[in-house]
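Descriptive structure summary
Residues per chain are reported as follows:
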Amino acid sequence: MRRIILLMFLFCLVSSPCLAARGVKRSVKKGNKLYDKGKFKQAQESYAEALSSDPDSDIVNFNLGGALYKTQDYQRAIGHFEQSLVSDEESLQQNARYNVANSKYRYGITKENTELEKAIALLKESLRHYERAIELDSEDEDAKYNYEFVKKELERLEKKQEQKEQQQKKQQQKKQQQPKGGQEEQEKEEPQPQQSQK
C-alpha cells in the first residue's frame, strides 16, 4: 500500500509540469479565441489564469498586454508588454517594443490635462521604444508612421508646457507688482474734516 501511494506521489510530481503546460496552453487558446471575438475582459481572465502558472512567459505577458490595451488599461498593458521584451524571439521583441510605444503614447495622452510633465515624459519614452522597434525591423511602416506622429504630438505638448510656464510667470509678476494688502487702502482713504473745538 505504501508503494502505491509513493508511486502515485512520484507520478504526480513528474506529470504536474506537463499538466501545467497543457493548462497554460489551453488558457492561452481560450484567451485568443475570446480576443478574436472582441471579448477583451474575458480574454484578460484567461491570460491571467495562464500567467498564474507561468508568470515569466513572454507570449502570455504579450497577449495579456494586448487585451489590456484594448480595454484602455494602458498602464498595466505597458507592464506586461515590457515583461515580454525579454523574449529570445526577435519578432516578439519587435512587436513588444511597438506595443510598449503605443501604450506609453496612449497613457501619456490621458495625462495631458492633469499631469502635463508626466505626459511629456511618457511620449519621450514612447519615441525611444519606436526607435528600437524600427531598429529591429527597418521595414515596419506602422512604427515609422507612429514615430513621426508621436514626435509631432510631443512638440505640441512641449509647446503647451512652455505656454503654461509663461502664463504662470506672468501671474507671478502681477502678484509682485500689486501693493501689499492694507497699505493701498489707507492711502486711498479720503481725509475726514476735523471739528473745531471752540
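Residues numbered from 1 in each chain as written. Predicted model: local features only at pLDDT ≥ 70, side-chain atom pairs only at ≥ 80, totals over all residues. Heavy atoms only, no water.

The subject of this paragraph is the confidence of the model for the chain. For the chain, mean pLDDT is 85; residues scoring 70 or higher make up 79% of the total. Low pLDDT, under 50, characterises residues 1-19; the stretch is placed with zero contacts to residues that sit more than four places away or in other chains. (pLDDT = per-residue confidence, 0-100. Contact = heavy atoms within 4.5 Å.)

In the structure shown here, the tally under the stated rule is 10 salt bridges. The partner of Glu135 in a salt bridge is Arg132, with the nearest N and O atoms 3.2 Å apart. Highlighted residues: Glu135 and Arg132, both in helix 6 (residues 116-136), separated by three residues, approximately one helical turn. The exposure class of Arg132 is partly exposed, given its relative accessible area of 30%. For Lys144, the salt bridge goes to Glu141, with nearest N and O atoms at 3.7 Å. Here the residue Lys144 and the residue Glu141 both occupy positions in helix 7 (residues 141-177), the gap between them amounting to three residues, near one helical turn. Residue classification places Lys144 among the partly exposed residues on the basis of a relative accessible area of 31%. According to the relative accessible area criterion, Glu141 is exposed, its value standing at 53%. When salt bridges that share partners are traced, they join Glu112, Glu153, Arg156 and Lys160 into one network. (Salt bridge = Lys/Arg side-chain N within 4 Å of Asp/Glu carboxyl O. Helix = DSSP H or I, 4+ residues; strand = E, 2+ residues; numbered from the N terminus. Buried < 20%, exposed > 50% of the residue type's maximum accessible area, 1.4 Å probe, protein only.)

Moving on, we come to the side chain of Gln94. Positionally, Gln94 belongs in helix 5 (residues 90-110). Accessibility expressed as a relative area gives 6% for Gln94, which makes it buried. In this view, Gln94 contacts Ala133, Leu136, Asp137 and Asp140; residues no more than four positions away in its chain are not counted.

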